[in-house]
Amino acid sequence: MKNLRLRSGKERSLLRRHPWIFESAIAKGGGDAGETVRVESAEGEFLAWAAFSPHSKIRARAWSFDEKQRIDAAFLAARVKSAVEARGLFDLQSDGVRLIHGEADGLPGLIVDRYGDTLAAQFLSAGAERWKAVLADALLAATGLGKLYERSDASGREREGLKPVTGWLRGNGPTEITIREHDWRLTLDVATGHKTGFYLDQRDSRHRFAELAAHRRFRRVLNCFCYTGGFTVAALAGLKAAGAVDGAEMISIDSSLPALERARAHVALNGFEGARTEFLDADVNATLRRFVEEGRTFDAIVLDPPKFAPTVAHAERAARAYKDLNRQAFKLLSPGGHLLTFSCSGGIGADLFHKIVASAGIDAGVDGYITERLGASPDHPMTIEFPEGEYLKGLVVVRK
Ligand code: SAH
């Protein structure tokens, strides 16, 4: 058994059951990539069993804080099973579900999504990589499914010193999948889509947008950073339910052409032919500026940009980028119009995001009611012990 001895005073976060051990906290010791090490305080007291990661700043990630726990196949299978079962507690209204959300589910570095009968997984830490075969078998056992596609090509792998890996890990079949979300259908490709194929974390906010569209009967909607058009489909579904889809104008913008082609196909797939839809392969910032110059306005705008600040170190630059985007959006909002604005940056907290949006409104000369706070769907859990889990936050602002 190998040890990892911390420097004096560095045990505090582990005593609060936070699972990360940074390089700077370590006095001596270690192991091979992904090997289980006994983490101990400067005085030699047991703190955790953790997976060692020789190349990462997060030098080890805790599996368990119980000294009697053996880290083996049975332990990991039990963790997988309890995470899968926990999804039964949540009201998800979709057959696209995040089954394992890394640290929040006690499985650091492991992300698993279920799309219908297919699983898609990312192994993002040295520990998850080392136990890959065990975890894959446990996932099939816990779900009763036979197909698991690996998408270990996220940037986090590099930081762990791991090379990208993609392809079928268990079973095989089509990588193109159709899921049902709320009242609509969406397609994705686990081999080529972003992340594992789709942004499941925005499921509840898309639902809310459908409700708002039905209630307010939006005529002109602008969906920025639309990816495969999830919020566009949601708005159209809401309008259709309210009998108000005919003549509605929907502009969706993204810089990914394959994503836009899929967004366009989603309009036909869900039978929204009566709407006037436009899909722009363009930069959102430049397009918003152009729309402001042209004096255009919208009843609803969605701003769901990519992660500008992965960590607090990037927060300042990211704050400027968020503010600029939101300022342009405010200028395009008609009185009574709804802005749904998001940040998925872990480095920008909810309070800071609120301040950024408020100062964007002030700069644009626009006042508004902040009517709702939005967050990730519950299958992307925030837990008490791992505050980093709260990465996605959103606000609904209604222009005065
Ligand atoms: N709202 C989407 C998810 C958005 S993810 C959903 O519900 O599924 C962010 C998207 O922003 C990605 O699709 C990416 O291609 C796009 N993107 C990133 N930078 C961009 C830019 N400068 N202009 C336009 N789109 C951009």
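Just so we're clear, the structure is a prediction, and the values are computed from it rather than from any experiment.

Side note on the nonpolar core
Ranked by size, the top nonpolar core spans 46 residues in total, and within it Tyr115, Phe198, Phe209 and Leu340 carry the most contacts. Elements represented by at least two residues in this core include exactly β12 (176-181), β13 (184-189), α6 (203-216), α7 (230-241), α8 (257-269), β17 (298-303) and β18 (333-343). Considering every element that reaches this core, the biggest residue donor is α7, with seven residues. The residues that make up this core include at least three from each of domain 2 (73-175) and domain 3 (199-399). Setting aside chain neighbours within four positions, we find leucine 340 in contact with Ser205, Phe209, Leu212, Phe231, Ile301, Val302, Leu303, Leu374, Leu395 and Val396.

Topic: the domain arrangement of the chain
Along its sequence, the chain is organised into domain 1 (3-64), domain 2 (73-175) and domain 3 (199-399). Just the C-alpha atoms count here: the centres of domain 1 and domain 2 sit 24 Å apart. The interface is formed by 17 residues belonging to domain 1 together with 17 residues belonging to domain 2. Contact between domain 1 and domain 2 buries roughly 1200 Å² in total, counting both sides, with carbon and sulfur atoms accounting for 58%. The partner of arginine 61 in a salt bridge is glutamate 103, and the shortest N-O contact between them spans 2.7 Å. Inspection of the region where domain 1 meets domain 2 yields seven residue pairs in polar contact (both at pLDDT 80 or more). Elements represented by at least two residues in the side of domain 1 that touches domain 2 include exactly β5 (46-52) and β6 (58-64). Ranked by residue count, the leading element in the side of domain 1 that touches domain 2 is β6, at five residues.

Overview of the sheet that holds strand β3 (residues 26-29)
Read across the open sheet, the six strands follow the order β2-β6-β5-β4-β1-β3; overall the sheet is mixed. Strands at the two margins of the open sheet, each flanked by one partner only, are β2 (20-22) and β3. Taken over all neighbouring pairs, the strand axes of this sheet differ in orientation by 35 degrees on average, direction set aside. Note: strand β4 (residues 36-40) against β5, five bridges, orientation antiparallel. By the bridge assignment for β5, threonine 36 is matched with alanine 51.

Some details on the site of the ligand
Around the ligand, the surrounding shell holds 15 residues, and the nearest of these are Arg206, Asp254, Asp283, Val284 and Asp304. Note that a nitrogen atom of the ligand is positioned 3.3 Å from one of the backbone N or O atoms of phenylalanine 225. Contacts to the ligand include serine 255, whose backbone N or O atom sits 3.1 Å from a nitrogen atom. Here the ligand, which alone exposes 580 Å², has 88% of that area covered by the protein. Residue classes in the shell around the ligand are distributed as eight nonpolar, three polar and four charged.

Comments concerning unusual backbone geometry
The backbone of arginine 17 shows a phi angle near 70 degrees, a positive value even though the residue is not glycine. Structurally, the position occupied by arginine 17 is in the loop between α1 (12-15) and β2. When its relative accessible area of 42% is taken as the criterion, arginine 17 is described as partly exposed. Of note, histidine 182 is a non-glycine position whose phi angle comes to about 45 degrees, a positive value. Inspection of the secondary structure assignment puts histidine 182 in the loop between β12 and β13.

Quick word on α8
End to end, α8 covers 18 Å across 13 residues, agreeing with the expected 18 Å (1.5 Å per residue, within 8%). Along α8, the positions that sit buried rather than exposed are Ala259, Leu260, Arg262, Ala263, His266 and Val267. Projected down its long axis, α8 carries its buried residues within an arc of 160 degrees, all on one side. Summarising the contacts, the buried residues of α8 are in contact with β12, β13, α7, β15 (249-254) and β16 (276-281). In this structure serine 256 caps α8, since a side-chain oxygen of it lies 3.2 Å from the backbone nitrogen of alanine 259. Residue glycine 271 follows α8 closely and has a positive phi angle near 70 degrees.

Description of the environment of isoleucine 177
Take isoleucine 177: it is sitting in strand β12. The spatial distance from the C-alpha of isoleucine 177 to the C-alpha of threonine 118 is 8.2 Å, given a sequence separation of 59 residues. Excluding residues that lie within four positions of it along the chain, isoleucine 177 makes contacts with Tyr115, Thr118, Leu186, Thr187, Leu188 and Val190.

What about the packing of aromatic side chains?
The geometry of two aromatic rings is summed up by the distance between their centres and the angle between their planes. Taken as a whole and judged by the stated rule, the model has 11 aromatic pairs. Here the aromatic rings of tryptophan 20 and phenylalanine 22 are separated by 6.1 Å at their centres, their planes lie at 90 degrees, and the arrangement is edge-to-face. Under the relative-accessibility criterion, tryptophan 20 is labelled buried at 17%. In this structure phenylalanine 22 comes out as partly exposed when scored by relative accessible area, which is 38%. Consider the rings of tyrosine 149 and tryptophan 168, whose centres lie 5.1 Å apart with planes at 85 degrees: the pair is edge-to-face. Of this pair, tyrosine 149 sits in strand β10 (residues 147-152) while tryptophan 168 sits in strand β11 (residues 165-170), placing them 19 residues apart in sequence. Tryptophan 168 gets classed as partly exposed once you look at its relative accessible area, which sits at 27%.

Scoring rules and cut-offs
- Going along each chain's sequence as written, the residues are numbered from 1 onward.
- Reporting in this predicted model follows two pLDDT cut-offs: at least 70 for local features of residues, and 80 or more for side-chain atom pairs to be given and counted; totals over whole chains, interfaces and linings ignore these cut-offs and use all residues.
- Excluding hydrogens and water, the side-chain figures rest on all heavy atoms present in the structure.
- Take the buried Ala, Val, Leu, Ile, Met, Phe, Trp, Tyr and Cys residues and link them wherever side-chain atoms come within 4.5 Å; each set so joined is a nonpolar core.
- A simple rule labels every residue: compare its accessible area, found with a 1.4 Å probe on the protein chains alone, to the largest value its type can have, and call it buried under 20%, exposed over 50%, or partly exposed in between.
- The way it works is that DSSP assigns letters per residue, a run of H or I at least four long becomes a helix, a run of E at least two long becomes a strand, and they are numbered from the N terminus.
- Domain delimitation follows an automatic or database domain assignment.
- Residues count as neighbours in contact if any of their non-hydrogen atoms are within 4.5 Å of one another.
- Note: buried area is the sum, over both parts, of the accessible area (probe 1.4 Å) each one loses when the two are combined.
- In the sections that follow, a salt bridge refers to a side-chain nitrogen of Lys or Arg positioned within 4 Å of a carboxyl oxygen of Asp or Glu.
- Pairs of N or O atoms are called polar contacts if they sit within 3.5 Å, as long as, within protein, a hydrogen donor faces a hydrogen acceptor (for residues adjacent in sequence, only side-chain-to-side-chain pairs).
- Any two strands with at least two DSSP bridges between them are considered paired.
- Fitting a line to C-alpha atoms yields each axis, with helices limited to the stretch in contact; the angle taken between N-to-C directions then spans 0 to 180 degrees.
- Working definition: residue near molecule or strand if any one of its non-hydrogen atoms lies within 4 Å of it.
- Under the convention used here, a 1.4 Å probe and the Shrake-Rupley method define accessible areas, while residue burial counts only the protein chains that appear.
- Asp, Glu, Lys and Arg are counted as charged, while Ala, Val, Leu, Ile, Met, Phe, Trp, Tyr, Cys and Pro are counted as nonpolar; the rest, among them Gly, fall into the polar class.
- Here a helix's expected span is defined as the number of its residues, less one, multiplied by 1.5 Å.
- It is the directions from the helix axis to the C-beta atoms that the arc portrays.
- The rule is short: rings of Phe, Tyr and Trp, with Trp giving its six-membered ring, pair when the centres are within 6.5 Å, and they are stacked under 30 degrees, edge-to-face over 60, tilted in between.

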